[in-house]
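# Coordinate inspection notes
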Amino acid sequence: MALIVVAAFTFRWMRSARLRDTSLTAEVVRGDLHIAVVERGEVESAQSVEVRCEVEGKEIKLVTILPEGTPVKKNQEVGRYDTDMIDKLIAEQEVKSEQAEGKARAAKAELEVQENKAKSEIAKADLNAQLAELDLEKYEKAEYAAEFNEKKGAIDLAAKDLEEATSNLKFTERLVTRGLAQMEQKKLKEMEVNQKEYLVKRDQAKLLVLEYEKRRKTVEFEYKAKDTKLELERTKKSSQASIDKARSEWEAAEKTAKLERIQLDKLQAQRSKYTIKAPEDGIMVYFKRPWDETARIQPGAMVYSQQSIFTLPDLDHMKVKVKVHESVIKKVKLGLPVTITVDALGPNVTMHGTVKTVATLAQSEWRSSVKEYVTEVSIDDLPDKAGLKPGMTGEVRILIEKRQDVVMVPVQAVTEREGKHYAYVMGRTSASRREVKIGEANEQFVQVVEGLQEGESVALDARARAAAEAKKTSEK
């Protein structure tokens, strides 16, 4: 770190030919004092594309990579990772995916079977229910009425026969009483009446049996009709349960197949990332960790996911990164003008820029107590085809302040002793010490607020003179 000045007047400080008291002298002058922070910095691209390892996993072997500094085009292959493991995983996953898809197809076919089976069983149960209803209706409205009428007609006919036989018996009894018929004829008529009475009672009993039979069959047909309806509901629910189970198994199989396919697609997508391609045009600049030699980017190196591999800097837009010492960082503000000279271009090529960023937190080197703040400076007038490359170094001058029309002398002309500042003003034969009050300074000049007048001459060995005086005083 240093402070410098660019004076806007003709240089007339040192008069090397003018010797007084065997000392070099300088003239006290008035002019503009430019105060700047000067630091060494490193050139970087202002618009660089960082390429990271996009392969998932703990570590992956870098098989090939283009040499650092190689110019590349967009989508050009620049390197490859070891694909042995990913190829094996893809082959295994393809088998799993095919098996899962086969199970999904089988589950879908089973679902279709269960749906068709359910339709058939439900239709059959529904038919049985309808037939049971028809059987009940048929018995109540047709079969029972036919039997009832048949048996009722038989009873009526038997009753008529009984009535006729009874009438014949009475007629025969009258004939017997008059002696016009034999007793045998009466007995035959009595037997005929008994037979007809039997037939009437028989048919009446059959009608009574029919009534009991009606009640039994009605209950039977009603139960059958109700049971077939319940069976229809059971068949529907059972069929739906079978369908739901088959659908659940199919959906689970579909999800499993989908997951296996997603995993396969993921692995195949990962496989495409095993070939490293340049996302933009640029020049290969490896990512470096100076403190870790094992992390050096090279063929055969082991890298991890999301590790920075290289950057592709845009050489048409450059910047300079400098580290400003904590003693002067408060003076550095955003937007301050900057002049830049790069060693590779020589001291005669001066570029201009602006302070773009100033770090909030200090950066210190390992095992070092020095605190420095990273500051980025733009290069606003980069010459065409300048040939700047990342990593080149140069000097950055940040203009902190410009004090106009001030009295100033070279810094060698002022010394400090016991908290006060002194200059040695040259007389005709010797120099006399004079206390001065100073203001701002840079690495070459210091502002004198009080104590010196423009045009006076001062010695440039103020510190040596003060040391000599202090020694004489101590010897006394």
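To be clear, the structure that these remarks concern was listed above.
Definitions and cut-offs
- Residues numbered from 1 in each chain as written.
- Predicted model: local features only at pLDDT ≥ 70, side-chain atom pairs only at ≥ 80, totals over all residues.
- Heavy atoms only, no water.
- Phe/Tyr/Trp six-rings, centres within 6.5 Å; stacked < 30°, edge-to-face > 60°.
- Helix = DSSP H or I, 4+ residues; strand = E, 2+ residues; numbered from the N terminus.
- Buried < 20%, exposed > 50% of the residue type's maximum accessible area, 1.4 Å probe, protein only.
- Lys NZ or Arg CZ within 6 Å of the ring centre and 35° of its normal.
- Patch = residues over 30% accessible without salt bridge, like charges linked within 9 Å, V, L, I, M, F, W, Y side chains within 5 Å.
- Areas by Shrake-Rupley, 256 points an atom, 1.4 Å probe, with all protein chains shown as cover.
- Salt bridge = Lys/Arg side-chain N within 4 Å of Asp/Glu carboxyl O.
- Pairing = 2+ DSSP bridges.

### Thoughts on the packing of aromatic side chains
- Applying the stated criterion across every chain, the model contains four aromatic pairs.
- For the ring pair Tyr-81 and Tyr-274, a centre distance of 6.2 Å and an interplane angle of 85° mean the geometry is edge-to-face. Linking Tyr-81 in strand E7 (residues 77-81) with Tyr-274 in the loop between helix H2 (183-272) and strand E8 (275-277), this pair joins segments that are 193 residues apart in sequence.
- Residue classification places Tyr-81 among the buried residues on the basis of a relative accessible area of 4%.
- Looking at Tyr-274, the relative accessible area reads 6%, which means it is buried.
- Members of the aromatic cluster, joined through ring pairs, are Tyr-139, Tyr-144, Phe-148 and Phe-221.
- Above the face of the Tyr-422 ring, Arg-433 is positioned so that its terminal group lies 4.7 Å from the ring centre.

### Looking at a nonpolar patch on the surface
- A contiguous nonpolar patch, built from Leu-127, Leu-131 and Leu-134 and spanning about 270 Å² of accessible area, is present on the exposed surface.
- If you trace the backbone, Leu-127 turns up in helix H1 (residues 84-178).

### Topic: the pairing of strand E21 (residues 445-450)
- As paired elements, strand E17 (residues 393-410) and E21 share three bridges and run antiparallel to each other. Looking across to E21, one finds that Pro-410 is bridged to Phe-445.
- One ladder, built from three bridges, connects strand E20 (residues 431-441) with E21; its direction is antiparallel. Of the residues in E21, the one forming a bridge with Lys-437 is Glu-450.
- Joining the antiparallel neighbours E20 and E21 is a turn of three residues.

It is worth stressing that arrangement in space is one thing and function is another; only the former is reported here.
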